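# Understanding the architecture of this molecule
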Amino acid sequence: MITKLLAIIVKNFKQLIGSKSSSLIIIFGPLFLILITGLALSNAGLRDINVGLYSQEDNQLNDILLDKIKENNFNVNILNTIEECKDSVKKGLNHICIEIKPRASELSRYDSRVGYEAIFYVDYSKVRLVWAVINAVRNVVDSESAKISKEIINKVSQNIELVSTTMEENKDTLNDIINTGEFVKENVHNLRNSIGDASAGKDILVPLKISINNQRSILNNLRNNINNTLIPIPGTSQIVYNMYTDINILESELNNLDTNLIKLESFLENKNLIDRDVKSSLLEIENKLDENLKKVNKAKSSLNRLEDELEGIKSVKAEDIIRPIPVSITPVTSQQAASVSNALTYLDYLFPSIIALIITFVSILLSTTLTMKERRSMANFRNTISPTSNYLFLIGLYIFSLILVSIQILILFIVGKIFFNLNITSNLFTVSLILFSFITLLIFSGFIFGYLFNSEETAIVGAVSLSILMFIASGLILPVETMPRIMGNIIKFNPFVLTETALRQVLIFDLPIQSIVTEGIILLVYMALFIALSYIIMKYSKKEI
Amino acid sequence: MDNLLEAINVSKKLEGVWRLYNINILVKKGDLVGIIGPSGAGKTVFLKTISGFYKPETGLIYVDSQDLNLNKLAQKKIGFSTQSCSFYPDLSIEDNLYYFGKIYGIDKKTVKDRIDNILEMVGLPENKKTKAKYLSGGMQRRLDIACALIHDPDLLILDEPIANLDPMLREKIIELIQNINKNGKTILISSHFMNDIESICTKLLVIKEGYALTFGTPKEIRDQYSNIFEIAVRTFPGKYNLILNYIQQFDIKIKNSYVKNNCLYIHVPKDRQPATYLKLIFDSLLNTNENLIGINLNTLSIDELFSEMLRK
């Protein structure tokens, strides 16, 4: 069986080599493909983007944007009307049209450039390009916008600084007011306290009056005693007289004292009334002072709080206000991938897709064409009546196709590695397994077309349709996430998507084989399904066409 | 057992149309059997069915006592040369022969040895390395026969091997076929030129619209169908209808009559003496005032016999 298989494969190769153009296309086809793709995608940015710019009036922003866009190697075309600008996008002359339009903004007193807005007009039919262009131009505008923001914030910051300094100065004045107030309050308090009691002097005058009254009664007693004792005693008249005189003088003195006391009491009473009024006024003053001091203190604490806030704002950088949540984008590529080249190119990222795409078209078309060629071959009859099983011919054709596609893939890998330094040598075993499953299922799907249809044209149309279907439903043209959920779920099972996903994980992220088990199993199921289908269809296909 | 091929009640339907009806044939080793029939009669379908390419709807096919449909290896005993040639035009003669030898399971050395012998036999010893597509029509036919012989089959089937060839080339291929037959191969050859193959065939199978009209040796068939005289008369002015009307008055059973190349052909049974027919013809000439230019009385050629068979 092996020798028969070998004979079939060798025969196929001899036929291929017999035709120089066929054998050359096997080698040069992928070579051209990778070279052209590689050259086209071996950069990481946009080039030759035409930007249409329209502004109603000359303004500073216009000039700045113009310079900045030019700095980014974009071509700028100034247009006279907005319609002209939009039309240029529709006609494909410009990739984007920017309209600079005046707008009302409070911030324009800080910077005149803020008084304008930029409106982008884009052509969404250029699906894959439009976002790249928008992003690129927006980056230019955003960077200028951020610059203006920074300048405005710096100006606001300066104002805050000024407010802060003024507040500091006013805070001292406030402190002086508080201190003076405290001092006045204390003095008033002391003064109020220093004013005596309303009953001051009474405690002295009352005992004094009692004492006078007591003395007066003593004098009366004395007089009575004299009368009773001395008068009867002869010879005491003089003495009594003298004594009466003294007593009368004393009494008169007491009366004078009493009169004076009454005057003093009256005086004291008047004084107390005045003191009470003064004290009441002083208390009122003290309360008012206290109230004012509380207010001033409150004002001071508010000022302090304000100062703290301002102090906090002063320490905030303008950059932090412009970008309060800093965003940094870091590629999640593997260490190894990143170390190969610091800046991975589009080609690096697209290589799995390119490989999957090339394999899809080449494998399906090659196997379909070979099957049709074999079925339409003059020799088909002789092969069929030979004692060699038809399935052996199918296996021979499969191995031959597999070898051809593998040669092409090998060329792609070698050229990609040597000329474009692509990171494709890691996980070679896993990559080979993925590619083997994918190529096998595609080759057998090509066999299905080859045996299902009886004319070469319809078979090729069928094969191309399947290839295109797999390509369209892959997310390469439109992201799967933008499609309806049900479609997205179906597309996940597209062998192209499974292979591309698995290749990306293995080639770009350097993930181990365990991470692609699901994709691998589904691919193997597909492979078995396609092999079984091609077997059945071959069995029931027409022997002669 | 001398029987190499036996087909019993073989019927075949293609794309819903019955192409063969209960065909029977028995081919002995060493036979050279001609399959004759007009285009579309089912000759090729029959040959492809007995070669195992088509599976018959009914009937059995034995090759060297092995059921062809049950034993794929029985196909090894059959070599087939198709009408349109069956080889790879982009391969050289040698590569074609080597490849077909290999897929018939022959080892490398034997194939290599056999290639030279066969090329010698078919008269292509000098062109081993030439690509098949660059060969002339006759050479391609020879190569196809060589491809059919590379695995040394017991039965060689040749489907219209002389079709579309000039007379000289036709003769050479016939000669080649005879040589192969002489070398011990049993041959089945189809053609719609009965004349060319009748002389070399040991047996003939006549097919018409999928039915086997007859199967036997050429003599048996000739005996079966050649009980007819053909009278060819050329007269002036050539009012042949009058001649025919005159003859029909005398209870003569005319099997067929037609005018070709200004000559009247009349087929009559051999149940009367030729002189009777000739006398009748002369009488008719006198009665119709036709002037005789020429007259001929013959038995039917094999082609005429064939046409007669088909006409029936």
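Scroll up to find the structure this text is about.
First, a word on what this report is: a plain description of the structure on this page. (Residues numbered from 1 in each chain as written. Chains lettered and ligands numbered in written order. Predicted model: local features only at pLDDT ≥ 70, side-chain atom pairs only at ≥ 80, totals over all residues. Heavy atoms only, no water.)

Attention now moves to the pattern of salt bridges. Residue and element names in this part refer to chain B. In this structure the tally under the stated criterion is 25 salt bridges over all chains. As a salt-bridge pair, Asp154 and Lys77 come within 4.0 Å of each other at their nearest N and O atoms. Of this pair, Asp154 sits in the loop between α4 (137-149) and β7 (155-159) while Lys77 sits in the loop between β5 (66-67) and β6 (78-81); the two residues are 77 residues apart in sequence, bridging distant segments of the chain. A residue is classified by how much of its surface remains accessible, and Lys77, at 23% relative accessible area, is partly exposed. Among the ionic contacts, a cluster of salt bridges with common partners joins Lys29, Asp64, Lys77 and Asp154. (Salt bridge = Lys/Arg side-chain N within 4 Å of Asp/Glu carboxyl O. Helix = DSSP H or I, 4+ residues; strand = E, 2+ residues; numbered from the N terminus. Buried < 20%, exposed > 50% of the residue type's maximum accessible area, 1.4 Å probe, protein only.)

On to the packing of helix α10 (residues 346-376) of chain A against helix α12 (residues 390-420) of chain A. Residue and element names in this part refer to chain A. For the pair α10 and α12, the least separation of the axes is 10 Å and the interaxial angle reads 155 degrees. In this view, α10 runs roughly antiparallel relative to α12, as classed from their interaxial angle. Where α10 crosses over α12, the handedness of that crossing is right-handed. Judged by residue contacts, Leu347, Phe351, Ile355, Ile358, Ile359, Val362, Ser363, Leu366, Ser367, Leu370 and Thr371 of α10 engage Leu397, Phe400, Ser401, Leu404, Val405, Gln408, Ile409, Leu412, Phe413 and Phe420 from α12. For the contact of α10 with α12, the class distribution of residues is 16 nonpolar, 5 polar and no charged. (Axes fitted to C-alpha atoms, helices over the stretch in contact; angles between N-to-C directions. Parallel < 35°, antiparallel > 145°, perpendicular 65-115°, else oblique. Left-handed = near helix turned anticlockwise from the far one by under 90°. Contact = heavy atoms within 4.5 Å. Nonpolar A, V, L, I, M, F, W, Y, C, P; charged D, E, K, R; others polar.)

With that settled, the discussion passes to the interface of chain A and chain B. With 25 residues of chain A in contact, the opposing surface of chain B contributes 32 residues. Each partner contributes to the roughly 2700 Å² buried at the junction of chain A and chain B, and carbon and sulfur atoms together form 59% of this total. Taken together, chain A and chain B are joined by 2 salt bridges. Its salt-bridge partner being A:Arg382, residue B:Asp144 comes within 2.8 Å of it at the nearest N-O pair. (Buried area = accessible area lost by both parts, 1.4 Å probe.)

Grouped together as the largest cluster of nonpolar side chains are 87 residues, with contacts concentrated most on B:Phe46 and B:Leu188. The element contributing the most residues to this core is α4(B), with 6 residues. Two domains each provide a minimum of three residues to this core, namely domain 1 (3-217) and domain 2 (226-311) of chain B. In contact with B:Phe46, not counting residues within four places along its chain, are B:Ala7, B:Leu20, B:Ile23, B:Ile25, B:Ile35, B:Leu205 and B:Ile207. Formed by 55 residues, the second largest nonpolar core is a distinct cluster that contains A:Ile411, A:Leu422, A:Ala463 and A:Leu498. (Core = buried A, V, L, I, M, F, W, Y, C linked by side-chain atoms within 4.5 Å. Domains from an automatic or database assignment.)

The next subject is α4(B). Its 13 residues place the ends of α4(B) 19 Å apart at the C-alpha level, agreeing with the 18 Å of an ideal helix rising 1.5 Å per residue. The complete set of buried residues in α4(B) reads B:Gly138, B:Gln140, B:Arg141, B:Arg142, B:Leu143, B:Asp144, B:Ile145, B:Ala146, B:Cys147, B:Ala148 and B:Leu149. (Expected span 1.5 Å × (residues − 1).)

Either a parallel or an antiparallel arrangement is found when strands of a sheet pair, and the pairing is made through backbone hydrogen bonds. Residues and elements named next belong to chain B. Pairing is antiparallel across the open sheet formed by 4 strands, whose spatial order is β2-β1-β4-β5. Strands at the two margins of the open sheet, each flanked by one partner only, are β2 (17-28) and β5. When strand β4 (residues 58-63) meets β5, the two strands line up antiparallel, connected through 2 bridges. Each residue of the ladder has a partner; that of Val63, found in β5, is Gln66. On the sheet, helix α1 (residues 43-50) packs against β1 (3-14), β2 and β4 and is oriented at approximately 120 degrees with respect to β1. (Pairing = 2+ DSSP bridges.)

All names here are of chain A. Spatially, β2-β1-β3-β4 is the arrangement adopted by the 4 strands of the open sheet, whose pairing is mixed. The open sheet terminates on both sides in strands that have one partner only, identified here as β2 (75-78) and β4 (116-122). Averaged over all neighbouring strand pairs, the angle between strand axes comes to 25 degrees, with direction disregarded. Pairing geometry for strand β3 (residues 96-102) and β4, over 7 bridges, is antiparallel. From the neighbouring strand, Ile96 faces β4, where its bridge partner is Val122.

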